[in-house]
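Chain and residue survey
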Amino acid sequence: MAPSDMQRLDLKKGDRVRLTSEDGQVEVCIIPARTDELPAGLLFIAYGDLSSRLMGGDTHGSGMPTSKGIDVQLEVLK
Amino acid sequence: MIESNQVSSPEEIKIVKDATCTFCGCVCDDIDLKVQGHEILEAKRACVLGNGWFLNHGVDTRPDCFVEGRPAPVEEGVERAAQILTRARYPLIYGLSDTTTEAQRVAVGIGDWIGGNIDTTTSVCHGPSGMAFQGVGEATCSLGEVRNRGDLIMFWGSNPAESHPRHFTKYSLMPKGMFLPNGRKDRTCVIVDVRKTKSARAADIFIQIKPRKDFEALWTLRALAQGIDLDPVEVEQETGNPLSLWQDLMDRMKAAKFGVIFFGMGLTMTRGKHANSEALLTLTRDMNRYTRFVCKANRGHGNVSGADNVVSWRTGYPFGVNLARGYPRFNPGEYTAADVLARGEADAAMIIASDPMANFSQPARQHLASIPYVAMDPKETPTTRSAAVAFTVATYGINVPGTVYRMDDIPIPLRPAFESSHPSDLEILQGIERRVRELNRQMIRADS
Ligand code: SF4
């Protein structure tokens, strides 16, 4: 997460958040991005089990569900 | 070349020269392995990922085969697998990108005998690029040409510093080439991404675009290549970067002697998918009006390019192929594994060297868990755990010889380090194929 977003949401490294997409939900710990790695509002998660839980089954005729650039709502779990 | 592959005692150390790393699509075939018994002590020239791949491979003591979760003889597993596949009305064969081309070939053969659906992990990485290749073609070259000629190297939606760590040093940025005697100094590196990745540190120019705006950015470049006037406000709004920056990039692209665009899943996995890849392929084609320009998908798995090649030789199409009518039909979105499973169509499956239970969508995972399926993998995975039949197989490249295709479609031989007590994918698949053919013959006799 961009450090500016963490500041805005009063989050520190290791805090847990819930991410909810149109198709799924996961709970993860927050790690701050390097200063200019991510613009505000953009989160990064490695591709794998958790990220795949946020994607839907529909591939829009392409064979691949939209697996990146997914809109999520972030909820702070404290 | 294996200098000494005779292991007379477990303590004896042998050196396997020019071993092939199959961890990523770079398929580096210059690794010198120091091997003692069933342990690789050192992997010279391997990157951090390659070291992890080679050094963490000990002998797996799990049984060769499990049927319904209990250890069973391999013959029983092969029999059960053949029964599952021949009885199914819509069997799916999926995976294949982390095994040898020899095994891939047999897997496609089984798909043909059972009238099944064949798909590879390409469909969830560069499948959209595969669709785009068919639509507009691909101006491309080998990595050797990049090394010897490429003076403008672009990466779009790809982070090789973390996914293909030797890409820069072995092929694309650092090497001194035939026409680039000063190596890195003779090349310009441009990286386009939504995130300032580790790779961005290697770039001369880093362009951070807005998420889901690859298509707009690529079409901006296409327009500039043709000298079309664009509205600066609109360009900046859409791409997140000023028109002057895109114009500067286009000027550099036209001035290059040999431009290369490597592209990754930042392009194919986001909204637009095959339309994004198609935009990049057509931009590359357009650039050939001015200079020599090529593009290349940065492929992930060690033999995912082999899977595309083998499925293409055998069926005429690279992935997402249905053989139910006795001839191949290709239709991504219909015959691709993510769809066949999420829609609940497949009634049995065989998963080879991949882990859809860990990285498919929830509806696809739920359906796979509800049908009988066969899995083969060197390690225990969520997919092998829920399989009706699971085989523990030897690891390609480390224990198993054969052929793999580098990401630029160059076939490369494997030089294994030591033998495994587990069977190879190829041996298991050959056993299943034999039994499937016998069962098919019995069914035909029973029908007539
Ligand atoms: S770059 Fe890829 S193939 Fe080469 S050593 Fe590293 S992981 Fe292996």
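Since the model is a prediction, treat every value here as computed from it, not as a measurement. (Residues numbered from 1 in each chain as written. Chains lettered and ligands numbered in written order. Predicted model: local features only at pLDDT ≥ 70, side-chain atom pairs only at ≥ 80, totals over all residues. Heavy atoms only, no water.)

The next thing to look at is the overall build of chain A. Secondary structure summary: chain A contains two helices and three strands in total. Of the regular secondary structure in chain A, the N- to C-terminal order runs α-β-β-α-β. Projected onto its principal axes, the C-alpha coordinates of chain A cover approximately 40 × 25 × 20 Å. Put simply, chain A has 78 residues, and 38% of those count as buried. Within chain A, residue pairs in contact and separated by at least 24 positions form 60% of the contacts whose partners lie at least 6 positions apart. Looking at chain A as shown, the accessible area adds up to about 4,500 Å², and 50% of this sits on carbon and sulfur atoms. (Helix = DSSP H or I, 4+ residues; strand = E, 2+ residues; numbered from the N terminus. Buried < 20%, exposed > 50% of the residue type's maximum accessible area, 1.4 Å probe, protein only. Contact = heavy atoms within 4.5 Å. Areas by Shrake-Rupley, 256 points an atom, 1.4 Å probe, with all protein chains shown as cover.)

A few words now on the overall build of chain B. Looking only at helices and strands, chain B features 18 helices and 19 strands. A compact globule built from 448 residues should have a C-alpha radius of gyration of about 22 Å, and chain B, at 23 Å, falls within 12% of that. Per-residue burial for chain B yields a buried fraction of 58% across its 448 residues. Across chain B, the fraction of contacts at a sequence separation of at least 24, relative to all contacts at a separation of at least 6, is 66%. For chain B, the exposed area adds up to about 17,600 Å²; of that, 50% sits on carbon and sulfur atoms. Across chain B, the mean location of the 51 positive side-chain charges is 3 Å away from that of the 53 negative side-chain charges. (Rg over C-alpha atoms; globule rule 2.2 N^0.38 Å. Lys, Arg positive; Asp, Glu negative; His and termini not counted. Charge placed at Lys NZ, Arg CZ, Asp CG, Glu CD.)

Summary statistics for chain A give a mean pLDDT of 93 and a share of 100% for residues scoring 70 or more. The weakest mean pLDDT in chain A belongs to helix α2 (residues 49-52) of chain A at 93; the strongest belongs to strand β1 (residues 16-20) of chain A at 97. (pLDDT = per-residue confidence, 0-100.)

So, about unusual backbone geometry. Residue and element names in this part refer to chain A. Backbone geometry places histidine 60, a non-glycine residue, at a positive phi of 55 degrees. Take histidine 60: it is sitting in the loop between α2 and β3 (73-77). In this structure histidine 60 comes out as exposed when scored by relative accessible area, which is 55%.

Turning our eyes to something else, we now look at the packing of aromatic side chains. Throughout the structure, instances matching the rule amount to nine aromatic pairs over all chains. With a centroid separation of 6.4 Å and an interplanar angle of 80 degrees, the aromatic rings of tryptophan 53 of chain B and tyrosine 396 of chain B are classed as edge-to-face. Here tyrosine 396 of chain B lies in the loop between β17 (389-392) and β18 (403-405) and tryptophan 53 of chain B lies in helix α1 (residues 48-55), a separation of 343 residues in the sequence. Take tryptophan 53 of chain B: its relative accessible area is 15%, and that puts it in the buried class. A residue is classified by how much of its surface remains accessible, and tyrosine 396 of chain B, at 4% relative accessible area, is buried. Through a chain of ring-to-ring contacts, the aromatic side chains of Phe23, Trp53 and Tyr396 of chain B assemble into a single cluster. In this structure, arginine 195 of chain B is placed above the aromatic ring of phenylalanine 44 of chain A, and the distance from its NZ or CZ to the ring centre is 3.5 Å. (Phe/Tyr/Trp six-rings, centres within 6.5 Å; stacked < 30°, edge-to-face > 60°. Lys NZ or Arg CZ within 6 Å of the ring centre and 35° of its normal.)

Before going further, it helps to examine the sheet that holds β1 of chain A. Within a sheet, neighbouring strands are paired by backbone hydrogen bonds and run either parallel or antiparallel to one another. Residues and elements named next belong to chain A. Strand order across the open sheet formed by three strands is β2-β1-β3, with antiparallel pairing between neighbours. The open sheet has two edge strands with one neighbour each: β2 (25-29) and β3. The mean inter-strand angle of the sheet, taken between neighbouring strand axes irrespective of direction, is 25 degrees. Examined bridge by bridge, β1 and β3 share five bridges and lie antiparallel to one another. Residue pairing across strands places leucine 19 opposite leucine 74, the latter belonging to β3. (Pairing = 2+ DSSP bridges. Axes fitted to C-alpha atoms, helices over the stretch in contact; angles between N-to-C directions.)

Residues and elements named next belong to chain B. Looking at the assigned domains, one finds that chain B contains domain 1 (65-125 + 302-396 + 423-447) and domain 2 (128-297). Using C-alpha coordinates to define each centre, domain 1 is positioned 36 Å away from domain 2. With seven residues of domain 1 in contact, the opposing surface of domain 2 contributes seven residues. Taken over both partners, the interface formed by domain 1 and domain 2 buries close to 490 Å², and the fraction arising from carbon and sulfur atoms is 63%. Summed over the shared surface of domain 1 and domain 2, the result is zero salt bridges. Between the two partners, domain 1 and domain 2, sit one residue pair in polar contact (both at pLDDT 80 or more). Looking at the side of domain 1 that touches domain 2 residue by residue, the classes come out as six nonpolar, one polar and no charged. (Domains from an automatic or database assignment. Buried area = accessible area lost by both parts, 1.4 Å probe. Salt bridge = Lys/Arg side-chain N within 4 Å of Asp/Glu carboxyl O. Polar contact = N/O pair within 3.5 Å; in protein donor to acceptor, adjacent residues only side chain to side chain. Nonpolar A, V, L, I, M, F, W, Y, C, P; charged D, E, K, R; others polar.)

Attention now moves to the side chain of serine 305 of chain B. Residues and elements named next belong to chain B. Its location among the elements puts serine 305 in helix α13 (residues 304-315). Separated by 3.4 Å, the side chain of serine 305 and the backbone oxygen of arginine 406 make a polar contact. Ignoring anything within four residues of it in the chain, the contact list for serine 305 reads Arg299, Tyr405, Arg406, Met407 and Asp409.

All names here are of chain A. Estimates place the volume of the second largest pocket at around 330 Å³. In terms of lining, the second largest pocket is formed by 15 residues, of which the most central are Glu22, Asp23, His60, Thr66 and Ile70. By residue class, the composition of the lining of the second largest pocket is three nonpolar, six polar and six charged. (1 Å grid on protein atoms, 1.4 Å probe; cavity = no way out; pocket = protein on both sides within 12 Å on 5 of 7 lines; lining within 4 Å. Points joined across faces, edges and corners; volume = space filled by probe spheres on them.)

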